[in-house]
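Overview (structure and organization)
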Amino acid sequence: MASLRQGCGDLRGLVSTFTQSCQGSLSEAQGQVSWALGALSAGGAGTQLPEGQQGPPTGCPGRLLELKGNIRVLCRLRPGTPCSLVSVEAGPGGTVTTCYRGRQRRFHLDWVFSPDASQEEVFGELEPAVLSCLQGYSVCIFTYGQTGTGKTYSMEGPPEDPGIAPRALQSLFREMGTGGQHRVTLSMVEIYNEAVRDLLAPGPPERLAVRQGPAGQGGIQVAGLTHWDVPNLETLHQMLSLGRSNRATAATSMNPRSSRSHALVTLTLCAASPPSTPGTAGTLHLVDLAGSERAWKAGATGTQRGDPNSAQRLREAQTINRSLLALGGVMAALRARRSHVPFRDSQLTRLLQPALGPGTTAVLLLQISTRPEDLGETVCSLKFAERVGQVELGPARRRKAPRSETPSSLSTDTPLTGTPCTPTRSPVSPPSPSPDSGSCSALGPSGDLPP
Ligand code: ADP
Ligand code: MG
(Lines give C-alpha, C1' and ligand atoms only; values in the text may rest on other atoms or scores of the structure.)
(Ligands and ions follow the chains in the order given, each with its own letter.)
Protein backbone atom coordinates (compact mmCIF):
# COMPACT_ATOMS: atom_id res chain seq x y z
CA MET A 1 0.00 0.00 0.00
CA ALA A 2 2.79 2.37 0.97
CA SER A 3 4.60 1.89 -2.32
CA LEU A 4 1.31 2.17 -4.25
CA ARG A 5 0.57 5.41 -2.44
CA GLN A 6 4.08 6.65 -3.20
CA GLY A 7 3.65 5.68 -6.86
CA CYS A 8 0.29 7.41 -6.97
CA GLY A 9 1.81 10.58 -5.48
CA ASP A 10 4.65 10.50 -8.00
CA LEU A 11 2.17 10.06 -10.84
CA ARG A 12 0.06 12.98 -9.62
CA GLY A 13 3.17 15.15 -9.48
CA LEU A 14 4.11 14.07 -12.99
CA VAL A 15 0.69 14.83 -14.41
CA SER A 16 0.45 18.23 -12.77
CA THR A 17 3.83 19.39 -14.05
CA PHE A 18 3.65 17.71 -17.44
CA THR A 19 1.89 20.45 -19.38
CA GLN A 20 3.98 23.11 -17.74
CA SER A 21 7.25 21.36 -18.50
CA CYS A 22 6.16 20.59 -22.08
CA GLN A 23 5.36 24.23 -22.68
CA GLY A 24 8.67 25.30 -21.16
CA SER A 25 10.63 22.84 -23.30
CA LEU A 26 8.65 23.76 -26.39
CA SER A 27 9.18 27.50 -26.01
CA GLU A 28 12.86 26.98 -25.23
CA ALA A 29 13.19 24.76 -28.31
CA GLN A 30 11.42 27.40 -30.41
CA GLY A 31 13.82 30.01 -29.07
CA GLN A 32 16.82 27.86 -29.88
CA VAL A 33 15.56 27.01 -33.34
CA SER A 34 14.87 30.66 -34.13
CA TRP A 35 18.31 31.55 -32.78
CA ALA A 36 19.85 28.89 -35.02
CA LEU A 37 17.88 30.15 -38.05
CA GLY A 38 18.92 33.70 -37.23
CA ALA A 39 22.54 32.62 -36.93
CA LEU A 40 22.32 30.78 -40.25
CA SER A 41 20.83 33.72 -42.09
CA ALA A 42 23.24 36.14 -40.42
CA GLY A 43 26.11 33.86 -41.41
CA GLY A 44 24.77 33.58 -44.96
CA ALA A 45 24.50 37.33 -45.31
CA GLY A 46 27.98 37.73 -43.88
CA THR A 47 26.68 39.79 -40.97
CA GLN A 48 26.80 39.40 -37.22
CA LEU A 49 23.88 38.85 -34.87
CA PRO A 50 22.82 42.00 -33.08
CA GLU A 51 24.26 42.43 -29.62
CA GLY A 52 22.05 40.99 -26.89
CA GLN A 53 20.93 38.22 -29.22
CA GLN A 54 24.01 36.11 -28.95
CA GLY A 55 23.17 32.46 -28.96
CA PRO A 56 24.46 29.52 -27.01
CA PRO A 57 27.55 30.22 -24.94
CA THR A 58 31.06 29.78 -26.24
CA GLY A 59 32.17 26.21 -26.09
CA CYS A 60 28.63 24.77 -26.08
CA PRO A 61 28.04 23.72 -29.67
CA GLY A 62 25.80 20.89 -28.55
CA ARG A 63 23.42 23.10 -26.59
CA LEU A 64 20.65 22.74 -29.17
CA LEU A 65 20.60 19.07 -28.32
CA GLU A 66 20.49 19.60 -24.58
CA LEU A 67 16.75 19.98 -24.51
CA LYS A 68 16.20 17.68 -21.56
CA GLY A 69 18.60 19.61 -19.34
CA ASN A 70 19.52 16.80 -16.94
CA ILE A 71 21.91 17.35 -14.05
CA ARG A 72 25.28 16.15 -15.31
CA VAL A 73 27.17 13.77 -13.06
CA LEU A 74 30.92 13.43 -13.27
CA CYS A 75 32.95 11.04 -11.15
CA ARG A 76 36.53 11.31 -9.92
CA LEU A 77 38.42 8.70 -7.93
CA ARG A 78 40.72 9.52 -5.04
CA PRO A 79 44.16 8.38 -6.26
CA GLY A 80 45.59 5.48 -4.28
CA THR A 81 46.39 1.82 -4.56
CA PRO A 82 44.22 0.27 -7.27
CA CYS A 83 41.58 -2.06 -5.85
CA SER A 84 40.04 -4.98 -7.69
CA LEU A 85 36.67 -4.25 -6.04
CA VAL A 86 36.25 -0.93 -7.91
CA SER A 87 36.93 -0.68 -11.63
CA VAL A 88 36.18 2.09 -14.09
CA GLU A 89 35.62 2.66 -17.76
CA ALA A 90 36.78 6.25 -18.10
CA GLY A 91 35.44 8.85 -20.50
CA PRO A 92 32.03 10.12 -21.60
CA GLY A 93 29.17 7.82 -20.58
CA GLY A 94 31.70 6.01 -18.41
CA THR A 95 30.94 3.40 -15.78
CA VAL A 96 32.10 2.45 -12.30
CA THR A 97 31.73 -1.21 -11.35
CA THR A 98 31.80 -2.22 -7.71
CA CYS A 99 31.85 -5.60 -6.04
CA TYR A 100 30.35 -5.22 -2.57
CA ARG A 101 29.20 -8.05 -0.30
CA GLY A 102 29.49 -10.47 -3.19
CA ARG A 103 27.23 -8.38 -5.45
CA GLN A 104 28.46 -6.69 -8.58
CA ARG A 105 26.91 -3.36 -9.57
CA ARG A 106 27.60 -1.16 -12.52
CA PHE A 107 26.88 2.57 -12.32
CA HIS A 108 26.47 4.70 -15.43
CA LEU A 109 27.54 8.34 -15.20
CA ASP A 110 27.93 11.19 -17.66
CA TRP A 111 31.67 11.25 -17.38
CA VAL A 112 34.17 9.18 -15.40
CA PHE A 113 37.69 10.50 -15.02
CA SER A 114 40.57 8.07 -15.03
CA PRO A 115 42.18 7.73 -11.56
CA ASP A 116 45.17 9.80 -12.63
CA ALA A 117 43.11 12.65 -14.15
CA SER A 118 44.68 16.07 -13.62
CA GLN A 119 42.98 19.18 -12.23
CA GLU A 120 43.21 20.65 -15.72
CA GLU A 121 41.35 17.70 -17.24
CA VAL A 122 38.59 17.96 -14.65
CA PHE A 123 38.16 21.67 -15.23
CA GLY A 124 38.22 21.15 -19.00
CA GLU A 125 34.95 19.25 -18.67
CA LEU A 126 33.36 22.08 -16.68
CA GLU A 127 34.69 25.12 -18.50
CA PRO A 128 31.90 25.41 -21.11
CA ALA A 129 29.30 25.45 -18.33
CA VAL A 130 31.31 28.01 -16.34
CA LEU A 131 31.65 30.32 -19.35
CA SER A 132 27.93 30.09 -20.08
CA CYS A 133 27.40 32.29 -16.97
CA LEU A 134 28.71 35.20 -19.02
CA GLN A 135 25.72 34.76 -21.32
CA GLY A 136 23.24 34.91 -18.44
CA TYR A 137 22.93 31.23 -17.54
CA SER A 138 22.80 29.98 -13.95
CA VAL A 139 25.31 27.23 -13.23
CA CYS A 140 25.85 25.23 -10.06
CA ILE A 141 28.83 22.93 -9.59
CA PHE A 142 28.91 20.86 -6.44
CA THR A 143 31.27 18.22 -5.10
CA TYR A 144 29.76 15.29 -3.23
CA GLY A 145 31.31 12.30 -1.48
CA GLN A 146 32.77 10.78 1.66
CA THR A 147 35.23 12.79 3.74
CA GLY A 148 38.77 12.49 2.47
CA THR A 149 37.86 11.55 -1.11
CA GLY A 150 39.08 14.87 -2.55
CA LYS A 151 36.07 17.22 -2.68
CA THR A 152 38.03 20.23 -1.45
CA TYR A 153 41.06 19.18 -3.47
CA SER A 154 38.96 19.20 -6.65
CA MET A 155 37.10 22.40 -5.78
CA GLU A 156 39.97 24.46 -4.34
CA GLY A 157 43.17 22.51 -4.91
CA PRO A 158 46.61 23.41 -3.57
CA PRO A 159 48.17 26.69 -4.78
CA GLU A 160 50.59 24.83 -7.05
CA ASP A 161 47.79 22.85 -8.69
CA PRO A 162 44.58 24.87 -8.39
CA GLY A 163 41.16 23.28 -8.56
CA ILE A 164 37.83 24.16 -10.17
CA ALA A 165 37.11 27.43 -8.30
CA PRO A 166 40.38 29.28 -9.04
CA ARG A 167 40.43 27.97 -12.62
CA ALA A 168 36.82 28.99 -13.17
CA LEU A 169 37.48 32.53 -11.97
CA GLN A 170 40.58 32.81 -14.12
CA SER A 171 38.73 31.53 -17.14
CA LEU A 172 35.82 33.94 -16.58
CA PHE A 173 38.03 36.98 -16.17
CA ARG A 174 40.13 35.96 -19.19
CA GLU A 175 36.96 35.67 -21.28
CA MET A 176 35.63 39.00 -19.99
CA GLY A 177 38.89 40.70 -20.88
CA THR A 178 39.40 44.24 -19.72
CA GLY A 179 36.39 45.73 -21.48
CA GLY A 180 34.38 46.27 -18.26
CA GLN A 181 31.32 44.68 -19.90
CA HIS A 182 30.37 42.74 -16.78
CA ARG A 183 29.79 43.63 -13.19
CA VAL A 184 30.98 40.83 -10.91
CA THR A 185 29.52 40.36 -7.42
CA LEU A 186 30.70 37.82 -4.87
CA SER A 187 29.27 36.25 -1.72
CA MET A 188 30.53 33.31 0.32
CA VAL A 189 28.78 31.37 3.08
CA GLU A 190 29.33 28.33 5.21
CA ILE A 191 26.67 26.07 6.73
CA TYR A 192 27.86 24.50 9.96
CA ASN A 193 25.39 22.63 12.21
CA GLU A 194 22.52 24.30 10.26
CA ALA A 195 23.89 27.77 11.00
CA VAL A 196 24.51 29.92 7.92
CA ARG A 197 27.57 32.16 8.32
CA ASP A 198 28.86 34.92 6.08
CA LEU A 199 32.51 34.16 5.39
CA LEU A 200 33.10 37.64 3.93
CA ALA A 201 31.42 39.66 6.68
CA PRO A 202 33.42 42.69 7.82
CA GLY A 203 33.14 41.51 11.46
CA PRO A 204 33.21 38.00 12.95
CA PRO A 205 30.98 35.57 11.03
CA GLU A 206 27.45 35.72 12.45
CA ARG A 207 24.54 33.36 12.11
CA LEU A 208 22.27 34.60 9.30
CA ALA A 209 18.56 34.02 8.75
CA VAL A 210 17.40 32.47 5.48
CA ARG A 211 13.98 33.59 4.27
CA GLN A 212 11.72 32.96 1.35
CA GLY A 213 11.73 35.83 -1.14
CA PRO A 214 8.59 37.92 -1.72
CA ALA A 215 5.70 35.96 -3.21
CA GLY A 216 5.73 35.76 -6.96
CA GLN A 217 9.40 36.66 -7.23
CA GLY A 218 10.78 33.28 -6.24
CA GLY A 219 14.22 32.77 -4.82
CA ILE A 220 15.44 33.01 -1.24
CA GLN A 221 17.02 35.77 0.79
CA VAL A 222 19.80 35.63 3.34
CA ALA A 223 19.31 38.60 5.63
CA GLY A 224 22.52 40.54 6.24
CA LEU A 225 24.66 38.63 3.75
CA THR A 226 27.35 40.84 2.25
CA HIS A 227 27.93 41.03 -1.48
CA TRP A 228 31.11 42.51 -2.85
CA ASP A 229 31.80 44.14 -6.16
CA VAL A 230 34.91 42.57 -7.57
CA PRO A 231 36.76 44.62 -10.16
CA ASN A 232 39.53 42.16 -11.05
CA LEU A 233 40.82 38.63 -10.68
CA GLU A 234 43.47 39.53 -8.14
CA THR A 235 40.91 41.01 -5.76
CA LEU A 236 38.65 38.02 -6.27
CA HIS A 237 41.43 35.59 -5.31
CA GLN A 238 42.25 37.66 -2.25
CA MET A 239 38.62 37.73 -1.16
CA LEU A 240 38.27 34.00 -1.65
CA SER A 241 41.32 33.29 0.46
CA LEU A 242 39.94 35.69 3.09
CA GLY A 243 36.71 33.65 3.08
CA ARG A 244 38.64 30.39 3.25
CA SER A 245 40.68 31.65 6.20
CA ASN A 246 37.46 32.67 7.98
CA ARG A 247 36.20 29.14 7.44
CA ALA A 248 39.46 27.77 8.87
CA THR A 249 39.28 30.15 11.86
CA ALA A 250 35.83 28.87 12.68
CA ALA A 251 37.19 25.37 12.29
CA THR A 252 39.72 25.77 15.10
CA SER A 253 37.06 26.75 17.61
CA MET A 254 34.30 24.43 16.46
CA ASN A 255 35.12 21.91 13.80
CA PRO A 256 38.64 20.69 13.36
CA ARG A 257 37.95 19.53 9.81
CA SER A 258 36.42 21.92 7.35
CA SER A 259 34.74 18.95 5.65
CA ARG A 260 32.21 19.18 8.48
CA SER A 261 30.64 22.25 6.92
CA HIS A 262 29.19 23.05 3.50
CA ALA A 263 30.80 26.02 1.72
CA LEU A 264 28.96 28.00 -1.00
CA VAL A 265 30.58 30.61 -3.22
CA THR A 266 28.22 32.62 -5.43
CA LEU A 267 29.38 34.81 -8.26
CA THR A 268 26.89 36.99 -10.14
CA LEU A 269 27.90 38.30 -13.55
CA CYS A 270 25.75 41.13 -14.86
CA ALA A 271 26.35 42.02 -18.47
CA ALA A 272 26.04 45.50 -19.89
CA SER A 273 23.71 45.81 -22.85
CA PRO A 274 22.41 48.41 -25.29
CA PRO A 275 19.76 50.65 -23.66
CA SER A 276 16.91 49.05 -25.59
CA THR A 277 17.50 45.46 -24.46
CA PRO A 278 17.79 43.99 -20.98
CA GLY A 279 21.23 42.92 -19.81
CA THR A 280 21.85 39.40 -18.58
CA ALA A 281 22.65 38.21 -15.07
CA GLY A 282 24.42 34.88 -14.95
CA THR A 283 25.22 33.12 -11.69
CA LEU A 284 27.93 30.65 -10.79
CA HIS A 285 27.46 28.65 -7.58
CA LEU A 286 30.45 26.62 -6.41
CA VAL A 287 29.53 24.26 -3.59
CA ASP A 288 31.96 22.21 -1.55
CA LEU A 289 29.68 19.86 0.39
CA ALA A 290 30.50 18.33 3.75
CA GLY A 291 31.46 14.64 3.87
CA SER A 292 28.64 12.17 3.30
CA GLU A 293 29.79 9.40 5.68
CA ARG A 294 27.18 7.89 7.95
CA ALA A 295 26.64 9.41 11.41
CA TRP A 296 27.23 6.18 13.31
CA LYS A 297 30.58 5.80 11.61
CA ALA A 298 31.76 9.29 12.44
CA GLY A 299 30.46 9.01 16.02
CA ALA A 300 31.97 5.59 16.57
CA THR A 301 35.33 6.71 15.22
CA GLY A 302 35.37 9.65 17.60
CA THR A 303 34.56 7.49 20.61
CA GLN A 304 37.04 4.79 19.72
CA ARG A 305 39.85 7.27 19.50
CA GLY A 306 38.94 8.67 22.91
CA ASP A 307 38.05 11.98 21.34
CA PRO A 308 36.67 14.18 24.15
CA ASN A 309 34.55 15.97 21.57
CA SER A 310 32.90 12.83 20.23
CA ALA A 311 29.41 14.09 21.14
CA GLN A 312 30.15 17.21 19.13
CA ARG A 313 31.41 15.05 16.21
CA LEU A 314 28.26 12.97 16.36
CA ARG A 315 26.04 16.06 16.32
CA GLU A 316 27.97 17.47 13.36
CA ALA A 317 27.64 14.17 11.52
CA GLN A 318 23.93 14.03 12.26
CA THR A 319 23.27 17.54 10.97
CA ILE A 320 25.37 16.83 7.87
CA ASN A 321 23.41 13.64 7.30
CA ARG A 322 20.12 15.43 7.75
CA SER A 323 21.08 18.09 5.23
CA LEU A 324 22.37 15.54 2.73
CA LEU A 325 19.22 13.47 3.22
CA ALA A 326 17.22 16.64 2.55
CA LEU A 327 19.30 17.11 -0.62
CA GLY A 328 18.41 13.52 -1.58
CA GLY A 329 14.73 14.30 -0.91
CA VAL A 330 14.88 17.37 -3.12
CA MET A 331 16.53 15.40 -5.90
CA ALA A 332 13.90 12.64 -5.62
CA ALA A 333 11.07 15.18 -5.81
CA LEU A 334 12.68 16.91 -8.80
CA ARG A 335 13.24 13.54 -10.48
CA ALA A 336 9.60 12.55 -10.00
CA ARG A 337 8.52 16.09 -11.05
CA ARG A 338 6.45 16.43 -7.89
CA SER A 339 4.61 19.69 -7.49
CA HIS A 340 6.10 20.12 -4.01
CA VAL A 341 9.87 20.03 -3.74
CA PRO A 342 10.98 20.03 -0.06
CA PHE A 343 13.62 22.75 -0.37
CA ARG A 344 12.74 23.97 3.13
CA ASP A 345 13.93 20.79 4.83
CA SER A 346 17.45 22.10 5.48
CA GLN A 347 19.48 25.26 5.18
CA LEU A 348 21.56 23.60 2.46
CA THR A 349 18.58 22.85 0.25
CA ARG A 350 17.08 26.30 0.90
CA LEU A 351 20.29 27.95 -0.25
CA LEU A 352 20.54 25.61 -3.24
CA GLN A 353 16.93 26.26 -4.30
CA PRO A 354 17.80 28.96 -6.85
CA ALA A 355 20.64 26.83 -8.18
CA LEU A 356 18.35 23.85 -8.80
CA GLY A 357 15.39 25.70 -10.28
CA PRO A 358 13.98 25.23 -13.78
CA GLY A 359 16.31 26.28 -16.56
CA THR A 360 19.48 26.14 -14.45
CA THR A 361 22.53 24.02 -15.22
CA ALA A 362 23.83 21.79 -12.44
CA VAL A 363 26.88 19.55 -12.40
CA LEU A 364 27.60 17.09 -9.60
CA LEU A 365 31.21 16.05 -9.23
CA LEU A 366 31.16 12.80 -7.30
CA GLN A 367 34.35 11.92 -5.45
CA ILE A 368 34.83 8.28 -4.47
CA SER A 369 37.38 6.20 -2.63
CA THR A 370 38.60 2.84 -3.90
CA ARG A 371 39.73 1.59 -0.48
CA PRO A 372 38.07 -1.74 0.40
CA GLU A 373 37.03 -0.40 3.84
CA ASP A 374 35.18 2.50 2.15
CA LEU A 375 33.31 0.33 -0.32
CA GLY A 376 29.89 0.57 1.41
CA GLU A 377 30.13 4.35 1.38
CA THR A 378 31.36 4.35 -2.23
CA VAL A 379 28.32 2.31 -3.32
CA CYS A 380 25.98 4.67 -1.40
CA SER A 381 27.55 7.71 -3.08
CA LEU A 382 27.31 6.11 -6.53
CA LYS A 383 23.63 5.24 -5.99
CA PHE A 384 22.95 8.85 -4.98
CA ALA A 385 24.85 10.20 -8.00
CA GLU A 386 23.10 7.89 -10.43
CA ARG A 387 19.71 9.09 -9.12
CA VAL A 388 20.82 12.72 -9.35
CA GLY A 389 21.77 12.12 -12.99
CA GLN A 390 18.11 11.39 -13.74
CA VAL A 391 16.94 14.79 -12.51
CA GLU A 392 15.76 17.07 -15.31
CA LEU A 393 15.93 20.78 -14.67
CA GLY A 394 14.78 21.54 -18.19
CA PRO A 395 16.75 23.27 -20.92
CA ALA A 396 19.05 26.01 -19.70
CA ARG A 397 17.54 29.49 -19.79
CA ARG A 398 19.26 32.84 -19.79
CA ARG A 399 18.30 35.33 -17.09
CA LYS A 400 17.89 39.01 -17.57
CA ALA A 401 19.23 41.56 -15.13
CA PRO A 402 16.74 43.92 -13.51
CA ARG A 403 16.92 47.12 -15.59
CA SER A 404 18.20 49.36 -12.83
CA GLU A 405 20.97 46.95 -11.89
CA THR A 406 22.76 46.51 -15.17
CA PRO A 407 26.41 47.57 -15.04
CA SER A 408 25.78 50.16 -17.72
CA SER A 409 23.39 52.00 -15.45
CA LEU A 410 25.45 51.45 -12.34
CA SER A 411 28.85 52.33 -13.63
CA THR A 412 28.36 56.08 -13.30
CA ASP A 413 27.25 56.28 -9.69
CA THR A 414 28.50 53.03 -8.21
CA PRO A 415 32.26 52.76 -8.08
CA LEU A 416 33.44 49.21 -8.47
CA THR A 417 35.51 48.71 -5.38
CA GLY A 418 37.16 45.81 -3.62
CA THR A 419 40.44 46.84 -2.11
CA PRO A 420 42.67 43.81 -1.61
CA CYS A 421 41.85 42.06 1.67
CA THR A 422 39.78 44.98 2.95
CA PRO A 423 36.88 44.76 0.56
CA THR A 424 34.15 47.36 0.70
CA ARG A 425 30.53 46.38 1.11
CA SER A 426 28.54 46.89 -2.04
CA PRO A 427 26.62 50.16 -1.60
CA VAL A 428 23.51 48.70 -3.16
CA SER A 429 21.82 45.36 -2.79
CA PRO A 430 23.16 42.78 -5.22
CA PRO A 431 21.65 42.19 -8.64
CA SER A 432 18.43 40.58 -7.65
CA PRO A 433 14.75 40.64 -8.50
CA SER A 434 13.93 40.83 -4.79
CA PRO A 435 15.60 44.02 -3.64
CA ASP A 436 16.22 43.83 0.08
CA SER A 437 19.04 45.94 1.41
CA GLY A 438 21.92 43.87 2.65
CA SER A 439 20.28 40.62 1.69
CA CYS A 440 20.85 38.15 -1.03
CA SER A 441 18.43 36.61 -3.38
CA ALA A 442 19.04 34.41 -6.31
CA LEU A 443 17.31 35.32 -9.50
CA GLY A 444 13.84 33.91 -9.51
CA PRO A 445 11.71 32.80 -12.41
CA SER A 446 10.75 36.40 -13.19
CA GLY A 447 14.32 36.96 -14.36
CA ASP A 448 14.04 34.51 -17.24
CA LEU A 449 14.74 35.95 -20.65
CA PRO A 450 11.92 35.34 -23.08
CA PRO A 451 12.92 32.73 -25.63
P1 ADP B 1 37.42 16.04 1.29
O2 ADP B 1 37.26 17.49 1.03
O3 ADP B 1 36.59 15.17 0.40
O4 ADP B 1 37.24 15.67 2.72
P5 ADP B 1 40.19 16.55 0.65
O6 ADP B 1 39.99 17.32 -0.59
O7 ADP B 1 40.50 17.34 1.88
O8 ADP B 1 38.94 15.62 0.94
O9 ADP B 1 41.29 15.47 0.34
C10 ADP B 1 41.86 14.63 1.35
C11 ADP B 1 43.34 14.44 1.05
O12 ADP B 1 43.51 13.75 -0.18
C13 ADP B 1 44.08 15.76 0.92
O14 ADP B 1 45.33 15.62 1.55
C15 ADP B 1 44.26 15.94 -0.59
O16 ADP B 1 45.42 16.65 -0.88
C17 ADP B 1 44.35 14.49 -1.06
N18 ADP B 1 43.82 14.32 -2.42
C19 ADP B 1 42.53 14.18 -2.75
N20 ADP B 1 42.35 14.04 -4.09
C21 ADP B 1 43.59 14.10 -4.61
C22 ADP B 1 44.11 14.04 -5.96
N23 ADP B 1 43.30 13.87 -7.03
N24 ADP B 1 45.44 14.13 -6.12
C25 ADP B 1 46.25 14.30 -5.06
N26 ADP B 1 45.84 14.39 -3.78
C27 ADP B 1 44.53 14.28 -3.54
MG1 MG C 1 36.61 19.03 2.22
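Scope of this entry: the structure provided in the associated data block.

Focus on the packing of aromatic side chains
One pass over the full model with this rule turns up 2 aromatic pairs. A ring pair is formed by tryptophan 111 and phenylalanine 113, whose centres lie 6.4 Å apart and whose planes are at 45°; its orientation type is tilted. Classification of phenylalanine 113 as buried rests on a relative accessible area of 2%. Aromatic pair tyrosine 144 and phenylalanine 384: ring centres 4.3 Å apart, planes at 20°, arrangement stacked. Of this pair, tyrosine 144 sits in strand 7 (residues 138-145) while phenylalanine 384 sits in helix 9 (residues 375-388); the two residues are 240 residues apart in sequence, bridging distant segments of the chain.

Digging into the packing of helix 2 (residues 119-132) against helix 4 (residues 164-176)
Pairs of packed helices are described in terms of their axes, by the angle between the two and the distance that separates them. The interhelical angle for the contact between helix 2 and helix 4, taken along N-to-C directions, is 50°, at an axis separation of 10 Å. Between helix 2 and helix 4, the angle is such that the two are oblique. Where helix 2 crosses over helix 4, the handedness of that crossing is right-handed. Side by side, helix 2 and helix 4 meet where Gln119, Glu120, Val122, Phe123, Leu126, Glu127, Val130 and Leu131 of the first sit next to Ile164, Arg167, Ala168, Ser171, Leu172, Arg174 and Glu175 of the second.

As for the pattern of salt bridges
Under the counting rule described, the total for this entry stands at 9 salt bridges. Ionic pairing is found between glutamate 125 and arginine 72, a salt bridge with its closest N-O pair at 3.2 Å. Of the two residues, glutamate 125 sits in helix 2 while arginine 72 sits in strand 1 (residues 72-77), which places them 53 residues apart along the sequence. Overall, the relative accessible area of 29% leaves arginine 72 in the partly exposed class. Here arginine 371 ties to aspartate 374 by a salt bridge, and the two come within 2.8 Å at their closest N and O atoms.

Cut-off values and rules
- Residues numbered from 1 in each chain as written.
- Chains lettered and ligands numbered in written order.
- Predicted model: local features only at pLDDT ≥ 70, side-chain atom pairs only at ≥ 80, totals over all residues.
- Heavy atoms only, no water.
- Phe/Tyr/Trp six-rings, centres within 6.5 Å; stacked < 30°, edge-to-face > 60°.
- Buried < 20%, exposed > 50% of the residue type's maximum accessible area, 1.4 Å probe, protein only.
- Helix = DSSP H or I, 4+ residues; strand = E, 2+ residues; numbered from the N terminus.
- Axes fitted to C-alpha atoms, helices over the stretch in contact; angles between N-to-C directions.
- Parallel < 35°, antiparallel > 145°, perpendicular 65-115°, else oblique.
- Left-handed = near helix turned anticlockwise from the far one by under 90°.
- Contact = heavy atoms within 4.5 Å.
- Salt bridge = Lys/Arg side-chain N within 4 Å of Asp/Glu carboxyl O.

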